[in-house]
Amino acid sequence: MENTDTNSYKTFKILFIILSIIVATFTLTGYIATSDRGGTLSLFSFESFYVYIITIAVSLYMVITNKNANFMIILSLLTYVWTYYLMQQLIEYLSEVNIIIEPFFYIYLSSAVFLIISLFFNDKKQDNKKPLTNFQNENTEMTNSLNKNNFMFASFVLGLKEIPLNTEVLLVNNVLDNSLDLIYFVDNNNRTIKFPTNIIKQISYKSDIRMQNISKKFESNEMKSMLLSAVTFGGTPLLQFAGAHVFNSFFDAVSNNYDKVDFNVYYEITIETLIDGQEIEYVLNTDSNPEEFIKQVSNGVIK
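Everything numeric here is computed off the predicted structure, so don't read it as measured data.

**Things to note about helix H3 (residues 70-93)**
Right, so step 1: Taking 1.5 Å of rise per residue, 24 residues should cover 34 Å, and H3 covers 35 Å from first to last C-alpha, within 8% of that figure.
Right, so step 2: Every buried residue belonging to H3 is among Asn70, Met72, Ile73, Ser76, Leu77, Thr79, Tyr80, Trp82, Thr83, Leu86, Met87 and Leu90, and all of these are buried.

**Describing the pattern of salt bridges**
Right, so step 1: Considering all chains together, one arrives at 5 salt bridges under this definition.
Right, so step 2: Across the pair aspartate 181 and lysine 194 runs a salt bridge, and its minimum N-O distance is 3.0 Å. Here aspartate 181 is found in strand S6 (residues 179-186), whereas its partner lysine 194 is found in strand S7 (residues 189-196), with 13 residues between them in sequence.
Right, so step 3: Under the relative-accessibility criterion, aspartate 181 is labelled buried at 5%.
Right, so step 4: A relative accessible area of 41% places lysine 194 in the partly exposed class.
Right, so step 5: Put simply, lysine 206 and glutamate 268 hold a salt bridge, and the shortest N to O gap is 3.7 Å. On the criterion of sequence distance, the pair formed by lysine 206 in strand S8 (residues 200-212) and glutamate 268 in strand S9 (residues 262-275) is long-range, its members being 62 residues apart.
Right, so step 6: For lysine 206, a relative accessible area of 52% translates into the label exposed.

**A word on the confidence of the model for the protein**
Right, so step 1: In the predicted model, the protein carries a mean pLDDT of 75, and the fraction of residues at 70 or more is 69%.
Right, so step 2: Taken as a whole, residues 213-218 scores under 50 in pLDDT and shows 17 contacts with residues more than four places along the chain or in a different chain.
Right, so step 3: Contacts for the low-pLDDT stretch residues 249-261, under 50 throughout, to residues beyond four places or in other chains number 36 contacts.

**Side note on unusual backbone geometry**
Right, so step 1: A positive phi angle is found at asparagine 166, which is not glycine, with a value near 70°.
Right, so step 2: Along the chain, asparagine 166 turns up in the loop between strand S4 (151-158) and strand S5 (168-174).
Right, so step 3: Of note in this structure, asparagine 178 is not a glycine but carries a positive phi near 55°.
Right, so step 4: By secondary structure assignment, the location of asparagine 178 is in the loop between S5 and S6.

What counts, and at which threshold
- Residues numbered from 1 in each chain as written.
- Predicted model: local features only at pLDDT ≥ 70, side-chain atom pairs only at ≥ 80, totals over all residues.
- Heavy atoms only, no water.
- Helix = DSSP H or I, 4+ residues; strand = E, 2+ residues; numbered from the N terminus.
- Expected span 1.5 Å × (residues − 1).
- Buried < 20%, exposed > 50% of the residue type's maximum accessible area, 1.4 Å probe, protein only.
- Salt bridge = Lys/Arg side-chain N within 4 Å of Asp/Glu carboxyl O.
- pLDDT = per-residue confidence, 0-100.
- Contact = heavy atoms within 4.5 Å.

Take a look at the structure:
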């Protein structure tokens, strides 16, 4: 009887998480905001949405594998607050432009209701399967590695000869190792270059924010999915392969509007290091605002 109850809790929890994903995915078929100058804005313009994708995917994986996913679900809920905050910032920044919030934005926010409901479906026997201290240690490690401000996608521009121009990389603020990790793929293998925080003199960025009517080109999500999987599932090849497949399928499913216009944001990140007494500068480009990421890295550098 207890096993039946456990399966029922698990089934309902998975159901409500999937309903949230479906509603959020539906909003990608339109725009969440438009302007009187012809500009349009989709959820893909917000880095908070990519964090939602990661946290909700990890939540679903944890529920399926009979782990307590409430912490990750709460992180997913926080991305809605983040998205709302970024929208308000955009409206204030572009005060000279009349920005109209479309119904799709509110539909996206409403998908959070399903996640809130899912929090109430829990396996009551879960506490007896594993000591509380072990669970807390796992939760802490997961928090450190998946903090929304501790990773960022970018394109490599300058600094290392072995990395080709415009190679997609994942920057990770590795709190446990006190390093800034640069992850990229070469010959189907992920490679990591670690920059200890004690050799980083400064990390900064400059931005060029503009609104133009530029048609989107088709972009493959395979590399982005592989990089996310490498961080999420660590050094386990089988889990990395499975994770990359899940992330890639989801990205491809929601990336179906390539001929629409969007707000265009560009940032250039500069990392200044001191290696063997020699100053070396690395330059990367990103479409996401790196302010919080750089703040987190800088905190480690200062201390």
